[in-house]
Amino acid sequence: MNTRFHKIMWAVLALALASLACTLNIGGPTPPAPPPTPNPQALDDLKAAWKQAIAQASSTGEVTVSITAEQLTALLVAKLADDPDAFFQQPQVVLQNDQVVIYGQAHQAKITANIRMALSVTVGDQGAPRFHLDAVDFGPLPVPTGLLNGLSDMLNEALTGKIVPQATGFRLESITIANGALTLRGHLH
């Protein structure tokens with residue numbers, strides 16, 4: 001009996017060590033569809049849409065650009081490609097209920113968790129976009145509201161000066177999310 005007990009203990013220990021060698025996925029929110037393979041053309045289409053909108057605005061001063069979820073996903077994939085060890089990977093953007101919802105995976109050491117971030121985008125001071133994290137689910141746990149406000153501030157600070165409209169002399173006046181697109185309207189100044 002003692003020998004049988006030792007065999008079982010060794011088997012349990014071997015399984016435990018084997019599981020430590022593998023990545024542990026703690027789950028979390030599931031995206032509405034499998035992560036898409038980014039279409040490299042989507043990022044080029046986004047750049048072309050900005051150039052066309054700015055060119056058309058030279059006569060009227062008004063700028064309107066609609067950005068699809070696929071284009072936003074391609075933009076995030078391109079930004080994350082610069083850092084293959086990034087904490088956040090496999091982004092997928094969904095535009096729904098007046099929000100930008102970003103799904104992805106977080107990787108730290110041997111632990112993987114699914115993430116869902118729901119953002120509201122409004123027009124802030126001086127015609128710049130302002131982001132607010134309405135909800136973040138990290139693995140099976142929601143992020144507390146107090147932490148969301150701090151994360152929203154950090155997000156806005158990180159993105160200040162890095163948004164296309166500011167780079168083109170564009171003053172944002174409205175943002176709408178409808179029919180699977182994020183539409184920016186404003187004027188050149």
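Provided above is the structure to which this section pertains.
Residues numbered from 1 in each chain as written. Predicted model: local features only at pLDDT ≥ 70, side-chain atom pairs only at ≥ 80, totals over all residues. Heavy atoms only, no water.

Thoughts on the sheet that holds strand 9 (residues 181-188)
Heads up, the rule is: By definition, two strands form a pair when at least two bridges between them are found by DSSP. Here a strand is any run of E in DSSP of at least two residues, a helix any run of H or I of at least four, and the numbering for each starts at the N terminus. Helix axes use the C-alpha atoms of the stretch in contact, all axes being lines fitted to C-alpha atoms, and the angles between their N-to-C directions lie in the range 0 to 180 degrees. It only takes one pair of heavy atoms within 4.5 Å for two residues to be counted as in contact.
If you walk across this open sheet you meet the three strands as 2-9-8, and the pairing is antiparallel. On the outer flanks of this sheet lie strand 2 (62-68) and strand 8 (170-178), each paired with one strand and no other. Averaged over all adjacent pairs, the angle separating strand axes in this sheet is 20°, with direction ignored. In this sheet, strand 9 lies alongside strand 2 in antiparallel orientation, the contact comprising seven bridges. Opposite Thr-68, over in strand 9, you have Ala-181 as the bridge partner. On the sheet, helix 2 (residues 40-60) packs against strand 2, strand 8 and strand 9 and is oriented at approximately 165° with respect to strand 2.

Topic: the pairing of strand 4 (residues 99-108)
Stated formally: The rule is simple: take the accessible area with a 1.4 Å probe, protein chains only, and divide by the maximum for that residue type; under 20% is buried, over 50% is exposed, in between is partly exposed.
When you tally the buried positions in strand 4, you get eight out of 10 residues, the bulk of the element. Examined bridge by bridge, strand 3 (residues 88-96) and strand 4 share seven bridges and lie antiparallel to one another. When the sheet's bridge partners are listed, Val-94 is paired in strand 4 with Val-101. Between the end of strand 3 and the start of strand 4, which pair antiparallel, lie two residues, with Asn-97 showing a positive phi angle near 50°. As consecutive antiparallel partners, strand 4 and strand 5 (residues 111-123) are separated by two residues, and within that stretch Ala-109 has a phi angle of approximately 55°, a positive value.

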